[in-house]
Amino acid sequence: MFLKNTDVVIIMCIMYSPVVRVSLNFLPYIQPRQNQENTMADANAAVAVVTVSLVLLGLLSGLSLSWALLPVAVVVLIFVLASGLKGRDELAHLNVCVLVLGDIGRSPRMQYHALSLSRHGYNVTLIGFLGTKPHQDIIEDDRIDILPISELKGLTVGPKIFRYASKVIFQTFQLFYVLMKIEDQGYILMQNPPGLPAIAVTWVASRFRGTQFIIDWHNYGYTIMALTHGQNHFIVKIAKWYEKLFGCFSDHNLCVTNAMREDLRKNWNIEATTLYDKPPPIFRETPLKLQHELFIKMGSTYLPFRPSPDVTKEYMELTAFTERNTQTGAVTRSSGRPALLISSTSWTEDEDFSILLQALEEYEKFVEAGDKLPSLVCVITGKGPQKEYYKKLIDSKELQHIKICTPWLEAEDYPVLLGSADLGVCLHKSSSGLDLPMKVVDMFGCCLPVCAIHFQCLHELVKHEENGLIFKDSKELSEQLKLLFSDFPSDQGKLGIFRKNLRESGQCRWDENWDQNVLPLIKEHCD
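Keep in mind that what you see is a predicted model, and the values were worked out from it rather than measured.

Side note on unusual backbone geometry
Right, on to step 1. The linkage connecting Asn192 with the following residue, Pro193, adopts the cis geometry, with an omega of -10°.
Right, on to step 2. Along the polypeptide, Pro193 turns up in the loop between β4 (187-192) and α8 (198-209).
Right, on to step 3. Cis geometry marks the peptide bond from Leu196 to Pro197, where omega comes out at 10°.
Right, on to step 4. Inspection of the secondary structure assignment puts Pro197 in the loop between β4 and α8.
Right, on to step 5. Although it is not a glycine, Tyr315 adopts a positive phi angle of roughly 60°.
Right, on to step 6. When you line up the elements, Tyr315 lands in the loop between α12 (288-299) and β8 (316-318).
Right, on to step 7. Residue Glu465 is not a glycine yet carries a positive backbone phi of 70°.
Right, on to step 8. Here Glu465 lies in the loop between β15 (450-453) and β16 (468-471).

Focus: the packing of helix α13 (residues 354-368) against helix α17 (residues 474-485)
Right, on to step 1. Axis separation between α13 and α17 bottoms out at 8 Å; the angle between their running directions is 50°. When the axes of α13 and α17 are compared, the pair comes out oblique. By crossing handedness, the relation of α13 to α17 is classed as right-handed. Side by side, α13 and α17 meet where Ile355, Leu356, Gln358, Ala359, Leu360, Glu362, Tyr363 and Phe366 of the first sit next to Ser474, Leu477, Ser478, Glu479, Leu481, Lys482 and Phe485 of the second.
Right, on to step 2. Counted by class, the contact of α13 with α17 contains nine nonpolar, three polar and three charged residues.

Things to note about the packing of aromatic side chains
Right, on to step 1. Scanning the entire structure with this criterion turns up 21 aromatic pairs.
Right, on to step 2. Ring plane angle 15° and centroid distance 5.9 Å describe the contact between Tyr220 and Tyr222, whose orientation is recorded as stacked. Both residues of the pair, Tyr220 and Tyr222, belong to the buried class.
Right, on to step 3. Ring geometry for Tyr242 versus Phe246: centroids 5.2 Å apart, planes at 45°, classification tilted. Linking Tyr242 with Phe246, this pair stays in helix α10 (residues 234-247), spanning four residues, or about one helical turn. The exposure classification of Tyr242 matches that of Phe246, with both residues buried.
Right, on to step 4. A network of ring pairs unites the aromatic residues Trp203, Tyr242, Phe246 and Phe249 as a single cluster.
Right, on to step 5. The ring of Phe366 carries the charged tip of Lys482 above its face, separated from the ring centre by 4.7 Å.

Quick notes on the rules
- Residues numbered from 1 in each chain as written.
- Predicted model: local features only at pLDDT ≥ 70, side-chain atom pairs only at ≥ 80, totals over all residues.
- Heavy atoms only, no water.
- Helix = DSSP H or I, 4+ residues; strand = E, 2+ residues; numbered from the N terminus.
- Axes fitted to C-alpha atoms, helices over the stretch in contact; angles between N-to-C directions.
- Parallel < 35°, antiparallel > 145°, perpendicular 65-115°, else oblique.
- Left-handed = near helix turned anticlockwise from the far one by under 90°.
- Contact = heavy atoms within 4.5 Å.
- Nonpolar A, V, L, I, M, F, W, Y, C, P; charged D, E, K, R; others polar.
- Phe/Tyr/Trp six-rings, centres within 6.5 Å; stacked < 30°, edge-to-face > 60°.
- Buried < 20%, exposed > 50% of the residue type's maximum accessible area, 1.4 Å probe, protein only.
- Lys NZ or Arg CZ within 6 Å of the ring centre and 35° of its normal.

None of the figures reported here should be taken as evidence of function without further support.
Below, the structure is given as structure tokens:
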């Protein structure tokens, strides 16, 4: 027999306060804020989780939906009254919240936004998951405060759609609470995707708090969902409707390509400013001495970076690619060294690494057939859901002239390795056909030529036969590898020409690009 509605509501209200206190001790949903004693984030997550728990308790106790949602109404009312009573900080226009409902360390563009804002005197609150260490410049910047939130998983039982819905609900409460509790902001700059539930929650919070809301469109979230579920799945259709509806409510929009800008304008009636990804200064050609130091470091963990066991030289410190005279300190490239091929990936469905593996097998056949080609060390960096699958596939290959390793690099080591490589390979296929791979931007910053798989707007970045080559399948990629490495290690062949073109291109860097396209937008509102 169920309790009366009023009894259950009274019980819920009595439970609310102690449950929050207990949750602070036993529900570590948010990691401690770095270098600060502030535990606001922990309280935010706890209150969000407890509120949702009380709603579920009400439903299980027989309350109608309207009564069960009472805790939600109470929390929202408190927020609205609190934000209205406290007044707005006169210096709020100097505060910017940079939000990514994902791993901050794996969101380089949003980190660059934060650094650019700080460089111009803005105080930045960077909100996101702390799965991977952010760049050291972010950590050391006094104007940037990292506010970590936990990646809530939702319920672990029940149908898949129910588990996903519970995750969205939990994240909604968590994110709304955090955005309403942080100090006044002039702007909230949010990455999309992921945008569910971030776009709607951020828009509501920005309306309550009088904050300008900017969406930085990296891609369309619904197209990524379609890779798994198919374009006609009802979840994908709902996600598209949601993204289109709430995307129109933003005050300003940025996007990564002209093709996406036109698509937003034509199909969604959204006006956006194109902010191409550009490499920051850390991406540059690596001096030979620094290359050697990295190869020594990598060799302590990964065999392909170590010299051949039967090669020894007196007074020389050796790697597979370089050698340093221990008496003079001079570093030179090793004679007969392998070529260093690098690819970066998030190991998701929009990158088919079987294409690269098949191309490498064809390359192996070229070498065995007598073609004058170097051995290869292929480094594939990154983390993601399909990594273990491909690692097993790689381990099953019996390649004599090609060594493959799949390390995860610290943020500081990644640009050094790119600047040390001979060729980059990109297998990113945009789910929407409208975004560009940042990994190629980083490679070009290091003057590293690229072989990239074809998709709709790739021409906005990769110029075929100028700074790299574009391929459509594994056979075409294998022929390109054969062509580019036929003159290795000479810099007179195509590989050397592409590198020379990149050096002479005078490519724009991130800071200059950001100052031209984003800074005027912010200053216009502040003025």
